[in-house]
Amino acid sequence: MNYPEKELVRKSRNGDIEAFESLIQSYEKRIFNIAYRMTGDREDAYDISQEVCIKIYKFIKKFRGDSSFGTWVYRITSNVCIDELRKRKANVIPFTITNPEGEYEIPVADRDKLPDEAYESKELSEAIRLCLLQLEPKYRVMIVLKDIYGYKYEEISKILNINMGTVKSRINRARKLLKDELEAGNLLGTNPSKK
Amino acid sequence: MKCSDAEKLLSAYIDGTLNDDDKAKFEEHIDNCSACRREYHIMNAMIVSCRKLGDIDLPENFRHDLHERLIKEKRLKKRSIYRFIGKYKALVAACLMLAVVLGTAAGIGLFGGSPKRSASTAQSQKASGSAKDEKMISNDAKLFSAPSSPALDRKSPENGTGTANSSDNFVNVNISKAEYDKYSKDIISFIESIEGQKISSTPLQYTIPKKFTSEFISKMKDSFKIYDVMVTPADSAPENDDARPKGESAEYKAIIQININE
Ligand SMILES: [Zn+2]
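Residues numbered from 1 in each chain as written. Chains lettered and ligands numbered in written order. Predicted model: local features only at pLDDT ≥ 70, side-chain atom pairs only at ≥ 80, totals over all residues. Heavy atoms only, no water.

**Q** Can you break down the coordination of the zinc ion residue by residue, with the values?
**A** Coordination of the zinc ion by the protein comes from Cys3 of chain B (SG), His29 of chain B (NE2), Cys33 of chain B (SG) and Cys36 of chain B (SG), over a distance range of 2.1 to 2.3 Å. Viewed at the metal, the four donor atoms of the zinc ion are separated by angles of 100 to 113°, and the geometry they form is tetrahedral. (Donors = N, O, S within 2.8 Å, 3.2 Å for Na, K, Ca; no water. Tetrahedral: all angles 85-135°; square planar, octahedral: opposite > 155°, others 65-115°.)

What follows is the structure, given as C-alpha cells:
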C-alpha cells in the first residue's frame, strides 16, 4: 500500500490502524532517535517514542495541515522529551564520564594532526553525546535539531514554535555551552601552541 | 571588529547565513586573531562531529508493541462514550426524568422550551476530558507550555477521559442479533449475580471485578454457547488477583463490551 501521506492521514483520523502504521513508519526512527539524543538512554527513548506515536494517533484530528506532518510530529516529539526532562529536573544525574558499554576514555590530543582532523575523531562524537546531556533541555534540543539532524533555522522555528531570532540566538548559545562542557571535561584536547 | 562581535557571528558564519559584509569582516578578523581562529576551528569540529553521530536502530519489538498499544487505544476511544454514559447513568436518568416532568409541565402550559437543559448539562460534563493533552498537541502549542505527559508512566495510558486502567481486562463479546435477543437477559442476570445488584437498563457495556473474567468467559461459552469472546488482558498488573496487595482489587476491572453483528 502506497497511498499519499494525505490519504493516510485522512484514514488515520478515522482510526484506521493499518493506515496509521504506514504513515508513522517514515517517522518513527527519527522520533526514537530524537528521544535518544535528548535522554541519552535507549529505554527512555523507547518509552517516550511509543508515547509520542500513541499521542499522534490519538490527536491526529488536531492536525490541521498548516505545517507539514513531519513538523507536527517532531513538535510533539520535542514537547514530550522536554516535558519529560523537566519532570526529572529534581533528580539530575550527576555528570560521570561513563557509558553503558563501559568506562569512557578521555581522548588524548594528537598534536601532529591538524585541529579539524583531531576533533573529528570518534572519541569526540562520544564526548558530545555525553556532554549534550549536561545542557538544559531547551539548548539540548537545539543541538539535536540543528547540528545532529541539520534542520534549517526556519524548520526549527516551526517545529518548536518559536521565532527565528530566538532560534538563532539559542543555537548560538547552545553551541557555546556545549563547547564549554567539552572543554571543561578537557575533551577537546586543544593545543594552544597551534596557531 | 572586536572579539566579542566575532563570537556572536561565529555560529551564523559556520551555518553560512551571514551577509557578505559581515562575512568579509568576520574572515578578516579570524585571519588576524588567533584566539578567535581557534574558537572557530573548535566549534566547526564540534558541529562536524555532531553530524556524524548518526542514528541508532529502532528496538526490534518497537512496531509490534506499538501495534498492540494502538489496538488498545482504538478500543478505549470507542468505549469512552459508553463509559461516559455508564459513569453518569444516574445523572442522565435524572435529567431524562426532569425532561419528562418539564415536558409534561410545558404540555400543560407551565413552562416553555425547558427540556433542552438536560442535554447541555450532559455535554458540559463530557467536555472536561483531556483538554490538557489536547493543548499540548495543538499546532499553536508553545514549546515550554507543555503539560506533564505520562510518557514513562504506563499505568495511565489515557488522560482524564475516565476510569479505565491499563490493568483492566477488556472482554469483547461478539454475537449476532439473534443471539443477543435470545441471551441478553441471561447475560445480564449473570452479571447481576456477580455484581450483587440489579441492572435496570440493557446497555452494551458492563464492568465486573477483574477476578471474574474467566468465570464470565466460561459462562458465555458453556451456558450460552457464545464462542466469539475476545479478551485483551491487562498488561501491567499481575493476572492473579491474590498476588496483589489487599484492598486494591476493587480498582481492577474487566470491561465487557457486547458487540452485535449484523
Ligand atoms: Zn578575536
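**Q** Could you give an account of the pattern of salt bridges, with specific residues and numbers?
**A** Enumeration according to the criterion identifies 18 salt bridges over all chains in this entry. We note a salt bridge from Asp57 of chain B to Lys29 of chain A, for which the minimum N-O separation is 3.4 Å. One end of the pair, Asp57 of chain B, is in the loop between α3 (34-51) and α4 (62-87); the other, Lys29 of chain A, is in helix α3 (residues 28-39), on a second chain. On the accessibility criterion, Asp57 of chain B (57% relative accessible area) is exposed. Between Lys25 of chain B and Asp21 of chain B there is a salt bridge, with its nearest N and O atoms 3.5 Å apart. Taken together, the residues span about one helical turn, with Lys25 of chain B and Asp21 of chain B both in helix α2 (residues 20-32) at a distance of four residues. (Salt bridge = Lys/Arg side-chain N within 4 Å of Asp/Glu carboxyl O. Helix = DSSP H or I, 4+ residues; strand = E, 2+ residues; numbered from the N terminus. Buried < 20%, exposed > 50% of the residue type's maximum accessible area, 1.4 Å probe, protein only.)

**Q** I'd love a proper account of the confidence of the model for chain B, names of residues and values included.
**A** Residues and elements named next belong to chain B. Taken as a whole, chain B shows an average pLDDT of 71; of its residues, 61% reach a score of 70 or greater. Every residue in residues 111-132 is under pLDDT 50, and counting partners more than four places away or in other chains gives 21 contacts. Reported for the predicted complex are a pTM of 0.57 and an ipTM of 0.80. (pLDDT = per-residue confidence, 0-100. Contact = heavy atoms within 4.5 Å.)

**Q** Which residues make up helix α1 (residues 5-13) of chain A, and what are the values?
**A** Residue and element names in this part refer to chain A. Listed as buried for α1 are Leu8, Val9, Lys11 and Ser12. Looking straight down α1, one finds that the buried residues subtend no more than 165° of arc, so they occupy a single side. With its phi angle positive at about 90°, Gly15 sits one or two positions after the end of α1. (Arc of directions from axis to C-beta.)

**Q** How would you summarise the packing of aromatic side chains if you had to cite specific residues and measurements?
**A** Geometrically, a pair of aromatic rings is defined through the distance of the ring centres and the angle of the planes. Residues and elements named next belong to chain A. With the rule as written, the count across this model stands at 13 aromatic pairs over all chains. Of the aromatic side chains, those joined through ring pairs into one cluster are Tyr27, Phe63, Phe69, Trp72, Tyr74 and Tyr151. In this structure, Arg42 is placed above the aromatic ring of Tyr36, and the distance from its NZ or CZ to the ring centre is 5.7 Å. Residue placement shows Lys146 over the ring face of Tyr153; its charged tip is 4.9 Å from the ring centre. (Phe/Tyr/Trp six-rings, centres within 6.5 Å; stacked < 30°, edge-to-face > 60°. Lys NZ or Arg CZ within 6 Å of the ring centre and 35° of its normal.)

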